[in-house]
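Per-entry structural report
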Amino acid sequence: MPNANEDNPTALSQVQLRAVSELLRVSPVADDLARRFQQAGFSLALVGGSVRDALLGRLGNDLDFTTDARPEDVLKIVRPWADSVWEVGIAFGTVGSQKVARVGDAVQRFDIEITTYRSEAYDRTSRKPEVSYGDSIEEDLVRRDFTVNAMAVALPEKEFIDPHGGLEDLAACVLRTPGAPEDSFSDDPLRMLRAARFAAQLDFEVAPEVVAAMRGMAERIEIVSAERVRDEFNKLILSPHPRKGLSLLVDTGLAEHFLPELPALRLESDEHHRHKDVYEHSLTVLEQAVDLEEGGPDLVLRLAALLHDIGKPRTRRFETDGRVSFHHHEVVGAKMTKKRLTALKYSNDMVKDISRLVELHLRFHGYGTGEWTDSAVRRYVRDAGPMLDRLHKLTRSDCTTRNKRKAAALSRAYDGLEERITQLKEQEELDSIRPDLDGNQIMEILGVGPGPVIGQAYNALLELRLENGPMEHEAAVAALKEWWATQG
């Protein structure tokens, strides 16, 4: 790779060394593929995020290539070579494949995407971009979203191609567009959301002219489908620095067009400043939830943390004594969460789980210093269901007070609740609370067939189970008969 920045050879040599090391690791696969393209009369280059990540020393086994070969030619070259090939993105010029190869002493799997040189743009009304193929790599790179993603390495000769100064921007940790940002965002408005996502993923700053274009063109995001917005937003939320990306979305006005509940949290303070900034509080809760994650990023937990207080603006009341109240904001917030996530095309299960966490996030605050009965603890576990572990994390994250004594007291109280849950779990099957008699037993004891009454009897026994804990079989039968006698 030749030196692309003679003014700063030392800085460049460091990133080059990282890149060369990363490229050498994938060379057995990349070079083999490139030679096959050469033999067929085409060129191939590693491109975009793969080059960026190689320069950052973090290239994985997902490799992106670009070529002058048309998709039908790519298929002819790749099919005899790859272990599997898919054509899901072929309408947009992309052929996907998988290759298992020996790299050093290890056998590794590589997921590969090869895209024909192209340009794409939205018209003013369509939610689907129009794709046209190009004939040069320079044409392909200029249509890419940011300069740090507009670099390529021609293979197998390893020639570094950087017509838009992406290497300098990478060294400066800044996001710029190859051309005018207004043109870039007009072509593909999703790039505005990608700017926030990359800022959150890479901890980069967004250039002032790019921020200005995002602010001026924010409403253009509405032309993009909810599914594409959701997928990009998920990547932002799951990134190492989600606050950075979220702040950019709110500050530029982008959030107003697909998640207006977030900027709405920036409530003006009352004159006595008696309630904290709900927006900043929500971002802090998100960060604290991230710190409690185990086993990698948790999208359900992170979205619940971000949205847990979105019901506050609608429920805010200024009381006669000067206090500010948000009565039932958790119930209102759960409904708002369900509506918004449904609009963004999240799965039914995710909508249900996140809405449930929002609804339950205040429940613990009735616990005090341990006054709950065993029945109340059982109901807490029953209502949380499989979300219990996430509810633990969300509730702990929701404490953002600067009063160390108050924070310590809340932490001790929740420690106490978790200890009681553990103790009850050892005594009872808390994870699957159900009546001591099943439906078949209820029908046999009452001498009736299937029907609504069986469900009513089941629920009556469930209430007894929650209130009193497990019952012996004879006691459960007696309780059922006693209930039946009251049904007239």
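Here's what I pulled together on the structure shown here. (Residues numbered from 1 in each chain as written. Predicted model: local features only at pLDDT ≥ 70, side-chain atom pairs only at ≥ 80, totals over all residues. Heavy atoms only, no water.)

Take helix H8 (residues 208-217) next. Within the span of H8, buried status applies to Val210, Val211, Ala213, Met214 and Met217. All buried residues of H8 fall inside an arc of 160° around its axis, so they share one side. Seen from the open side of H8, the exposed residues pointing more than 90 degrees away from its buried face are Pro208 and Gly216. The elements touched by buried residues of H8 are strand S10 (174-175), helix H6 (181-187), helix H7 (190-202), strand S11 (205-206) and helix H10 (242-252). (Buried < 20%, exposed > 50% of the residue type's maximum accessible area, 1.4 Å probe, protein only. Helix = DSSP H or I, 4+ residues; strand = E, 2+ residues; numbered from the N terminus. Arc of directions from axis to C-beta. Contact = heavy atoms within 4.5 Å.)

A few words on the nonpolar core. Phe65, Phe233, Leu246, Leu249 and Leu306 are the most contacted members of the largest nonpolar core, which has 117 residues in total. In terms of residues, this core owes the most to one element, H7, which gives 9 residues. Residues in contact with Leu306, not counting those within four places in the same chain, are Phe233, Ile237, Leu246, Leu259, Leu262, Leu265, Ser282, Leu283 and Leu286. In this structure, Leu437, Ile442, Leu446 and Ile454 belong to the second largest nonpolar core, which totals 12 residues. (Core = buried A, V, L, I, M, F, W, Y, C linked by side-chain atoms within 4.5 Å.)

Negative phi characterises most residues that are not glycine, and trans characterises most peptide bonds. Cis peptide bonds are those with omega within 30 degrees of zero, and the linkage from Leu155 to Pro156 qualifies with 5°. Tracing the chain through its elements places Pro156 in the loop between strand S8 (152-155) and strand S9 (159-161). A positive phi angle is found at His328, which is not glycine, with a value near 65°. Summarising the element assignment, His328 is placed in the loop between strand S13 (324-325) and helix H14 (329-343). On the accessibility criterion, His328 (57% relative accessible area) is exposed. Not every positive phi belongs to a glycine, and Lys345 is a case in point at roughly 65°. For Lys345, the position within the fold is in the loop between H14 and helix H15 (348-360).

To continue, consider the environment of Glu209. By the secondary structure assignment, Glu209 is in helix H8. In this structure the C-alpha to C-alpha distance between Glu209 and Thr177, which are 32 residues apart in sequence, comes to 9.4 Å. The contacts of Glu209, once residues within four sequence positions are left out, are Arg176 and Pro181. A polar atom in the side chain of Glu209 sits 3.0 Å from the side chain of Arg176. (Polar contact = N/O pair within 3.5 Å; in protein donor to acceptor, adjacent residues only side chain to side chain.)

Here the focus is the sheet that holds S8. An order of S3-S4-S5-S2-S1-S8-S9 is seen for the 7 strands of this open sheet, with the pairing classed as mixed. Two strands bound the open sheet, and with one partner strand each, they are strand S3 (84-86) and S9. On average, each strand axis in the sheet is tilted by 30° relative to the strand beside it, whichever way the strands run. Examined bridge by bridge, strand S4 (residues 94-103) and strand S5 (residues 106-116) share 10 bridges and lie antiparallel to one another. (Pairing = 2+ DSSP bridges. Axes fitted to C-alpha atoms, helices over the stretch in contact; angles between N-to-C directions.)

So, about the pairing of S4. Burial within S4 is extensive, with 8 of its 10 residues counted as buried. In sequence, S4 turns back onto S5 through a hairpin of 2 residues, with Gly104 there showing a positive phi of about 65°.

A few words now on helix H12 (residues 299-307). Extensive coverage of H12 is indicated by the burial of 9 of its 9 residues. Three or more residues of H12 are buried, namely Leu299, Val300, Leu301, Arg302, Leu303, Ala304, Ala305, Leu306 and Leu307. Sitting at the amino-terminal end of H12 is Asp298, which places a side-chain oxygen 3.1 Å from the backbone nitrogen of Val300.

When charged atoms on two side chains of opposite charge get close, those side chains can pair. The final tally for this structure, using the stated rule, is 34 salt bridges. Arg197 is the partner of Glu232 in a salt bridge, and the nearest nitrogen-oxygen pair spans 2.4 Å. Taken together, the residues span a long stretch of sequence, with Glu232 in helix H9 (residues 226-237) and Arg197 in helix H7 at a distance of 35 residues. Note on accessibility: Glu232 and Arg197 belong to one class, buried. Via salt bridges that share partners, Arg356, Glu359, Arg363, Arg382 and Asp383 belong to a single interconnected network. (Salt bridge = Lys/Arg side-chain N within 4 Å of Asp/Glu carboxyl O.)

Direction vectors running N to C along H8 and H10 enclose 55°, while the axes themselves pass 8 Å from each other. Classified by the interaxial angle, the pair formed by H8 and H10 is oblique. Contacts between H8 and H10 pair Val211, Met214 and Arg215 from the former with Leu248, Asp251 and Thr252 from the latter. Taken together, the residues of the contact of H8 with H10 sort by class into 3 nonpolar, 1 polar and 2 charged. (Parallel < 35°, antiparallel > 145°, perpendicular 65-115°, else oblique. Nonpolar A, V, L, I, M, F, W, Y, C, P; charged D, E, K, R; others polar.)

This part takes up the packing of aromatic side chains. Summed over the entire model, instances satisfying the criterion amount to 4 aromatic pairs. A centroid spacing of 6.0 Å and a plane angle of 85° characterise the contact between Phe146 and Phe198, whose relative ring orientation is edge-to-face. Here Phe146 is found in the loop between helix H4 (137-142) and S8, whereas its partner Phe198 is found in helix H7, with 52 residues between them in sequence. Residue Phe146 is classed as buried on the basis of its relative accessible area of 0%. Ring geometry for Phe233 and Phe258: centres 5.6 Å apart, planes at 75°, overall edge-to-face. One end of the pair, Phe233, is in helix H9; the other, Phe258, is in the loop between H10 and helix H11 (278-291), and 25 residues separate them in sequence. Take Phe258: its relative accessible area is 6%, and that puts it in the buried class. The ring of Phe326 is capped by Lys312, whose NZ or CZ atom sits 4.8 Å from the centre of that ring. (Phe/Tyr/Trp six-rings, centres within 6.5 Å; stacked < 30°, edge-to-face > 60°. Lys NZ or Arg CZ within 6 Å of the ring centre and 35° of its normal.)

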